[in-house]
Amino acid sequence: MKDFHHEQMLSALSIAENARFLSPPNPMVGAVIVKEGQVIGKGFTHQPGKDHAEIDAIKNVYKHHQSRAKELLSGSSLYVTLEPCSSSGKTPACTETIIKEGISKVYFAVEDPLQNGNSVLTQAGITVQPGLLKKEALEMNRGFFSRVNRKRPFVTCKIACSTDGGIGLTTGDKKWITSKKSREDVHRLRANSDSIVTGIGTVLADNPKFTVRNKEFEDIGNLVHPKRYVLDSKLRLKGDEYLLNDGLETTIFCSKLRKVNYDQPPVNILEAPGEDGRGSLDEVMLHLNKLECNSLMIEAGQKINTSFISAEFIDELIFYIAPIKLGERKINFTEIESSFSNIGTIQLELMEKSNIGPDTKLITKPIYS
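For every chain, the first residue of its written sequence is number 1, and the numbers climb from 1 along that sequence. Given that this is a predicted model, residues contribute local features only at a pLDDT of at least 70 and side-chain atom pairs are listed and counted only at 80 or more, while totals for whole chains, interfaces and linings are drawn from all residues. The basis for every side-chain value is the complete set of heavy atoms in the structure, and neither hydrogens nor water enter the calculation.

Structural notes on the pattern of salt bridges
Then step 1. The working definition used for a salt bridge is a side-chain nitrogen of Lys or Arg within 4 Å of a carboxyl oxygen of Asp or Glu. This structure, assessed with the given rule, holds 16 salt bridges.
Then step 2. In this structure, the salt-bridge partner of Lys70 is Glu101, at a minimum N-O distance of 3.3 Å. Separated by 31 residues along the polypeptide, Lys70 in helix H3 (residues 69–73) and Glu101 in the loop between helix H4 (94–100) and strand E4 (105–108) bring together distant segments of the chain.
Then step 3. Note that Arg188 is salt-bridged to Glu216, the shortest N-O span being 2.8 Å. Taken together, the positions of Arg188 in helix H8 (residues 180–191) and Glu216 in the loop between helix H9 (200–206) and strand E9 (227–231) put the pair 28 residues apart, joining distant regions of the chain.
Then step 4. One salt-bridge network, in which partners are shared between bridges, spans Asp185, Arg188, Glu216 and Lys361. Secondary structure elements are taken from DSSP: a helix is a run of H or I of four residues or more, a strand is a run of E of two residues or more, and numbering for both begins at the N terminus.

What about helix H12 (residues 302–310)?
Then step 1. Of the residues making up H12, those classed as buried are Ile304, Asn305, Thr306, Phe308 and Ile309.
Then step 2. Positive backbone phi, at 60 degrees, marks Glu312, one or two positions downstream of H12. Note on classification: 1.4 Å probe, protein chains only; a residue is buried when its accessible area is under 20% of the maximum for its type, exposed when over 50%, partly exposed between these limits.

Side note on the packing of aromatic side chains
Then step 1. For Phe, Tyr and Trp, where Trp contributes only its six-membered ring, two rings pair if their centres lie within 6.5 Å, and the inter-plane angle classes them as stacked under 30 degrees, edge-to-face over 60, or tilted in between. Within this structure, the stated rule accounts for eight aromatic pairs.
Then step 2. Residues Phe144 and Phe145 carry aromatic rings whose centres are separated by 5.3 Å and whose planes lie at 70 degrees to one another, so their mutual orientation is edge-to-face.
Then step 3. Site record: aromatic cluster; members linked through ring pairs are Phe319, Phe333 and Phe340.
Then step 4. Only when the NZ atom of a Lys or the CZ atom of an Arg is both within 6 Å of the ring centre and within 35 degrees of the ring normal do we say a charge sits over the ring. The ring of Trp176 has Arg183 sitting right over it, with the charged end atom 4.2 Å from the ring centre.

Details of the sheet that holds strand E10 (residues 250–254)
Then step 1. Within the open sheet, the 10 strands sit side by side as E11-E10-E9-E8-E12-E6-E13-E17-E16-E15. Their pairing is mixed. Each edge of the sheet is formed by a strand with only one pairing partner; in this case those strands are strand E11 (267–271) and strand E15 (342–343).
Then step 2. In terms of strand pairing, strand E6 (residues 154–162) meets strand E13 (residues 316–322) through seven bridges, oriented parallel. Within the sheet, the bridge partner assigned to Ala160 lies in E13 and is Tyr320.
Then step 3. In what follows, a contact means two residues having at least one pair of non-hydrogen atoms within 4.5 Å. Angular values range over 0 to 180 degrees, each being the angle between N-to-C directions of two axes fitted as lines to C-alpha atoms, with helices fitted over their stretch in contact. Against the sheet, helix H11 (residues 281–290) contacts E6, strand E8 (195–199), E9, E10, E11 and strand E12 (295–298), and its axis sits at roughly 165 degrees relative to E9.
Then step 4. Lying on the sheet, H12 is in contact with E6, E8, E9, E12, E13, E15 and strand E16 (346–356); it crosses E12 at an angle near 135 degrees. If DSSP finds at least two bridges between two strands, the strands pair.

A short note on the sheet that holds strand E5 (residues 127–130)
Then step 1. Read from one edge of the open sheet, five strands run E2-E1-E3-E4-E5, paired in mixed fashion. Each of the sheet's edge strands pairs with one partner strand only, and the pair in question is strand E2 (38–44) and E5. Recorded for the sheet is a direction-independent mean angle of 15 degrees between the axes of neighbouring strands.
Then step 2. Bridge analysis of strand E3 (residues 77–80) against E4 gives four bridges, and the strand direction is parallel. The residue bridging Ser77 from the neighbouring strand is Lys105, located in E4.

Remarks on the pairing of strand E17 (residues 359–367)
Then step 1. With five bridges joining them, E13 and E17 adopt antiparallel strand pairing. Residue pairing across strands places Leu317 opposite Thr364, the latter belonging to E17.
Then step 2. Here nine bridges tie E16 to E17, and the two strands are oriented antiparallel to one another. Bridged to Lys353 within E17 is Leu362.

Below you can see the structure in the form of structure tokens.
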């Protein structure tokens, strides 16, 4: 029977993927309803203010079984990847509907720190089993749990570099370091990020777009583009950059506000004063938390990478390593002495290694002292 329960929760986790670009800032959640060993309904979380996974699955039962739906739901089992909500917000509490429909057992993967669904359902006489595939469910919504528990998003730093750690040349010569396949994979990283942070140096040097330009995401439209943030303490942007003129939202953090010709929606300029005339990363992270940002991607140069690493804000470093060396004129990916196994005194734990075309992709986790 254990394998059956795992199978249903694995199915719920798979269904939750349908919510990836719909649910933020809410977590991705999937649900499966079973009666006498047969799946009778499936659902996932929709946009904020619309149906949660449990309600979507219950409606799915009514849609496919119509007059028999009430009978089938009574005494059924619900498998859901997150503890059902017990409080009303933009939608009614899911626990109310679960109780009303007569569902007798609820299996959920991981507790929701904002809810008390377990107790509510138990008090209503429903058998509740938490913790089924908890690790997988935590990983799926690691950004949501980071924001709720740590008051900041889960931060991934992307670094495209040579085998000797170079991200560019001191001569200022411009060229792609990694392959087209690696760059396509970076677009997938962007698509799975709520926001991107970069620095003024990167914008002035490269005039990037920081949008998702992969055919596999075309049907999603603007939902797939992350919000963009530029750390520009002295407001050195000129006003003709892509980030300021493509109609998508860009927020600029500066040390002190002053009048510029591009301060109009969808461009926002905010103060985040720090020490020595530089911006404050603490203020930036506080702002992102207020906006309910779950996942943040760093696409920047040496100085910004170093600042985020020094502040111990980076949760994951992803390296795309091209089979070339940039040599003595290279710009290292941080100002700290670093390699692919450590950055100064910070050890990097290798989580995953793969090949993308001619390049090597390393997913690493920093271990802070």
